[in-house]
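# Tertiary structure, described
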Amino acid sequence: MKKTIVIIGVVILILLSTVIAIPIIFKGKIIETVKTEVNKNLNAIVDFDNDIKLNMIRSFPDFYLKVKDLKVVNKKPFEGDTLASIGSLSLRLDIWKAIKGNIGIKSFQLKNPNIYLHVLDDTVNFTANWDITIPSEEVEEEEESTDEESTFNLPVKSYKIVNANLTYNDELSEMFIETKGLTHEGSGDFSMEVFNLKTKTDIEKMTFKYEGIPFISKAKIMFKADLNIDLGKMKFTFKENKFLLNNLALNFDGFIAMPDENIEVDLSFDAPGTDFKDLISMIPAIYKTEFKQLTAKGKMNFNGWAKGVYNDEMMPAFEINLGVKNGMFKYPDLPAQVNNVNVDLNIKSPDANIDHMLINLKKFHAELGKEPIDASIFVKTVDSDPYIDAKIKGKIDLSQVKNYVELDEELKLSGIVNADVHVKGNSSAIENEQYSKFYAVGNVNINNIDYFSEEINKSVKIPVMQLAFSPEVVALKAFKMHINKNNLEAKGDLKNFIPYLFEKGTLQGNLNLSSSYFNLNNLLSSMPESDKENVGKENDTSSQSIETVELPENVELYMNASFSRLIYDEFDMKNANCNIILKDEELTIKNLSTNVFGGSMEVNGFYSSKLKNNPNVGFNLDLKNFNIKESFTNFEVIRKYVPIAKFIEGDFSGKLNFISTLKNNMEPEYNSIFSRGILSIDKMKVQEFRPLIILADALQMEEFKEMSVSNIHPSYKIENGKFYFTKPLKFSIDKTDFEVTGSNGIDKSIDYDIKIQMPAKKIKEQSGKLLKGLPHEELRQILLSEKVTIYAKMTGTIDNPKIKTSIKRMLADKKEDIKQKAKKELEKRKEEMEKQLKEEVDKKKKELEDKARKEAEKKKKELVEKTKKELEKKKKRLEEEAKKKLEEEAKKKLKGLFDK
């Protein structure tokens, strides 16, 4: 017996030792396997704390694995974004698969996960940050090699997610979902192709927005559902389920299937409860303030169905019905109640053609005290040519809302809203300017609105707003608004209002805006407005809370604006007048003229939000008499790229351009900035600038520690995080000429070459250290010169500059100067000799030409004389011959006469 007990004890000891030792032996292999396998198959970086917990005691005969600080970080195009950050992940692993180097997960639990799902606005490619699996072609070689068992499989039996925060931001479909405090658990055999899954979900707060409109705001959700899952057909069928949205309970029946890219649905839902109180729990302002003590009466019905195929081109047929009869509610501590709430709403699409959908709010009626509100809306042909028949009539005294609904203590609300509007017709009638075919009449008048809430942290007052409806336009007859210290007045017309509502046209308008004070920083920021008048101080971080502004599509507004004072970013502008165009998600500013920073400025520029994640701005600026130090104080760009401006007294003028992408807080992406410009500075004084002090010490020129410079014209470029001089910067100080080239960076690095032409006398008197050690002959040559050129190389950083002066280059320049002078003298002598030779050649040429001319004239004269003599001889001979012939003829005639 004793021997048996000893044997049993030894066996137990061996087993315990094995249970303790196996996790230690295989821990490193499992960590290496997990990280290798996951990162090999994902286009993301997955990492976790290597100090994982691994044992078998609590999960024998399986491994228990706990990983802390698990992160999944995206690569391009979401590089740097964190897809998931998980406080801890606990797994039960199949022991035999783990020993073989495989991963078989039986159950898992996530605690405190933060998950961010993001879809870009990319209509060509569906680009989502969770699509991180590597395409099959990239791992083809590894898949071809063997028929071995996969190192990863998922025989999960149960799972749990505790206290999760999940955000889904779909820019493509303009859908936003945010959940806080999500706890979800499920159990089922995922190793089976067909199995039942039991789930339970609790969400503390859920927000759902579509196209910017909040349909659900911070709602509490409970969802308990049993599903039959067919993984082969990817079909999910509802069995027993219960869904609770705040106080509204819903039941679902049917299935969802995803056999391919299409989603097949056959679902129906209804609300088993019929109390009006359940429905109004969906109103955040009502539900969050002592909803249980609310007294409510009335009946409601809420049901619907959807059946068909959903994809990018199709919608399933569906119907939603909502009815309320004789509803009322009242808080026990408030003096008034809302009475006679009646609603009859039907939304139905009988087939996949969305153009066949009908929206019919047959009736909406409610009474706030003695003031009734009535509305009805009928909409059809929403896709081809939206038809609308809508009426609304009623008056609301906002100061009385607190008598019906318990509001937050800090909430302030008052004012009168009075509406009586009726519109009827097809949007095409407005688009085609066939106004006789569209009926629109009525007014909306708002008076003395006063609103403040802690959420927006701003006091909003609208003393007056008057809208008049007609078929042609919605006329803004009067509008005055105050937001804290900001004020704005506007008048104008809006066209194409109805087509714009149905995304069938562009909203067009012409407005005149005016304001005595308008601080855009405070409007865009969630921080309270400061009373200080100056903005953009060096340590001021108020602009950090500003968020990127997305401009609307299909809006075309032309505005004439006049601001006595306009503040944006670091600009504090006086007497700002401009034309503003809002079109195609781009805000264009034309001919903005204003006084700012002690000078004046003319601006033409734009802000564009077409690229949702990378809005950009661009400006052309014409600046006059800007104070340099004040510009440094107020411009972050100048502080980063022109740090010397902090140490300069003086004004500058110039023309420059600027373009940059923006970060989420509307600050520039400084490495993306591109700017070029030519500046003009009449006078400036530089003092206490450390690089200048170091240069003066290197030159032994105390007077250069402070410089007063006149009439300089810097030409610059900012690109790739650096400031460059595009042309050498030239200036003179007390007969010393400076020429500066080079750059400095956003990281405060400097790289400048400085050429200094200094009188030789000054070198001899003050900079003996520079000449120390030079050979006598070279020293004599330098000192005999009128000016000496010194080269300085400035590197390091603005705060820790390094200066080197070049003596060898100085001597080389001197020799080069002598060489150049000799060359010039030689060129001069050569030119003189060539000139002298040319003169002699020209003289000889002239003498030869004169001699030849004289010889030619002589020969010509001799020829003329000779010819003349010959002609005279010939003439005399002919005359004698003629005379002789006449004499002979006369003799013959006389002889004949006497013979007779």
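Residues numbered from 1 in each chain as written. Predicted model: local features only at pLDDT ≥ 70, side-chain atom pairs only at ≥ 80, totals over all residues. Heavy atoms only, no water.

Attention now goes to the overall build of the chain. Helix and strand content of the chain: 15 helices and 41 strands. Residue burial in the chain is summarised as follows: out of 900 residues, 38% are buried. Of the contacts made within the chain by residues no fewer than 6 positions apart, 53% connect residues no fewer than 24 positions apart. When the accessible surface of the chain is split by element, carbon and sulfur atoms take 53% of a total near 53100 Å². (Helix = DSSP H or I, 4+ residues; strand = E, 2+ residues; numbered from the N terminus. Buried < 20%, exposed > 50% of the residue type's maximum accessible area, 1.4 Å probe, protein only. Contact = heavy atoms within 4.5 Å. Areas by Shrake-Rupley, 256 points an atom, 1.4 Å probe, with all protein chains shown as cover.)

Leaving glycine out, the prevailing phi sign among residues is negative, and the prevailing peptide bond configuration is trans. Residue Asn326 is not a glycine yet carries a positive backbone phi of 50°. With respect to the helices and strands, Asn326 occurs in strand 15 (residues 317-330). Judged by its relative accessible area of 55%, Asn326 is exposed. The backbone of Glu433 shows a phi angle near 60°, a positive value even though the residue is not glycine. Following the sequence through the fold, Glu433 ends up in the loop between helix 6 (427-431) and strand 21 (439-453). Among the residues examined, Glu433 registers a relative accessible area of 58% and is labelled exposed.

This part covers the pairing of strand 41 (residues 801-806). Here six bridges tie strand 40 (residues 787-796) to strand 41, and the two strands are oriented antiparallel to one another. Across the sheet, residue Tyr791 finds its bridge partner in strand 41, namely Ser806. Here strand 40 folds back onto strand 41 in antiparallel fashion, the turn holding four residues. (Pairing = 2+ DSSP bridges.)

Here we take up the packing of aromatic side chains. One pair of aromatic rings is described through two measures. These are the centre distance and the angle between the planes. In this structure the tally under the stated criterion is 18 aromatic pairs. Look at Phe223 and Phe238: their rings are 6.4 Å apart centre to centre, the planes differ by 45°, and that puts the pair in the tilted class. With Phe223 in strand 10 (residues 213-230) and Phe238 in strand 11 (residues 235-245), the pair connects residues that are 15 residues apart, well separated along the chain. Ring pairing ties together the aromatic residues Phe223, Phe238, Phe243, Phe252, Phe269 and Phe302, which thus form one cluster. Lying across the ring of Tyr387, Lys380 places its NZ or CZ 5.1 Å from the centre. (Phe/Tyr/Trp six-rings, centres within 6.5 Å; stacked < 30°, edge-to-face > 60°. Lys NZ or Arg CZ within 6 Å of the ring centre and 35° of its normal.)

Here we come to the side chain of Asn321. Here Asn321 is to be found in strand 15. A polar side-chain atom of Asn321 sits 2.5 Å from a polar atom in the side chain of Asn346. When neighbours within four sequence positions are excluded, Asn321 is seen to be in contact with Asn301, Phe302, Asn303, Leu345 and Asn346. (Polar contact = N/O pair within 3.5 Å; in protein donor to acceptor, adjacent residues only side chain to side chain.)

In this section: the pattern of salt bridges. Inspection of the entire model under this criterion finds 15 salt bridges. Among the ionic pairs, Asp189 bridges to Lys157, the shortest N-O distance being 3.5 Å. With a gap of 32 residues between them, Asp189 in the loop between strand 8 (175-187) and strand 9 (194-210) and Lys157 in the loop between strand 6 (152-153) and strand 7 (158-170) connect regions that are remote in the sequence. Owing to a relative accessible area of 22%, Asp189 belongs among the partly exposed residues under this scheme. What makes Lys157 partly exposed here is its relative accessible area of 41%. The partner of Arg639 in a salt bridge is Glu636, with the nearest N and O atoms 2.3 Å apart. (Salt bridge = Lys/Arg side-chain N within 4 Å of Asp/Glu carboxyl O.)

Moving on: the nonpolar core. Judged by nonpolar contacts, the single largest core of 112 residues is most densely connected at Met601, Leu695, Phe704 and Phe731. Not counting residues up to four positions away in its chain, the partners in contact with Phe731 are Met707, Val709, Ile712, Thr736, Asp737, Phe738 and Val740. Judged by nonpolar contacts, the second largest core, of 53 residues, contains Ala84, Leu89, Ile203 and Met300. (Core = buried A, V, L, I, M, F, W, Y, C linked by side-chain atoms within 4.5 Å.)

For the rest of this paragraph, the subject is the confidence of the model for the chain. Of the residues in the chain, 81% reach a pLDDT of 70 or more, and the chain-wide mean stands at 80. Per-residue pLDDT stays below 50 along residues 1-26; that stretch engages in eleven contacts with residues further than four places along the chain or on separate chains. Contacts of residues 138-152 to residues separated by more than four positions or lying in other chains number 13 contacts, the stretch itself having pLDDT below 50. (pLDDT = per-residue confidence, 0-100.)

Further remarks concern a negative patch on the surface. Together, Asp121, Glu174, Glu211, Glu503, Glu550, Glu553 and Asp584 make up a region of like negative charge exposed at the surface. Structurally, Asp121 can be placed in the loop between strand 5 (103-119) and helix 3 (140-145). According to the relative accessible area criterion, Asp121 is partly exposed, its value standing at 38%. (Patch = residues over 30% accessible without salt bridge, like charges linked within 9 Å, V, L, I, M, F, W, Y side chains within 5 Å. Lys, Arg positive; Asp, Glu negative; His and termini not counted. Charge placed at Lys NZ, Arg CZ, Asp CG, Glu CD.)

Turning to the environment of Val460, a few remarks are in order. With respect to the element layout, Val460 can be found in strand 22 (residues 458-469). Sequence separation between Val460 and Lys412 is 48 residues; the distance between their C-alpha atoms is 9.6 Å. Sequence-distant contacts of Val460, that is, excluding residues within four places in its chain, are made with Ile449, Asp450, Tyr451, His482 and Ile483.

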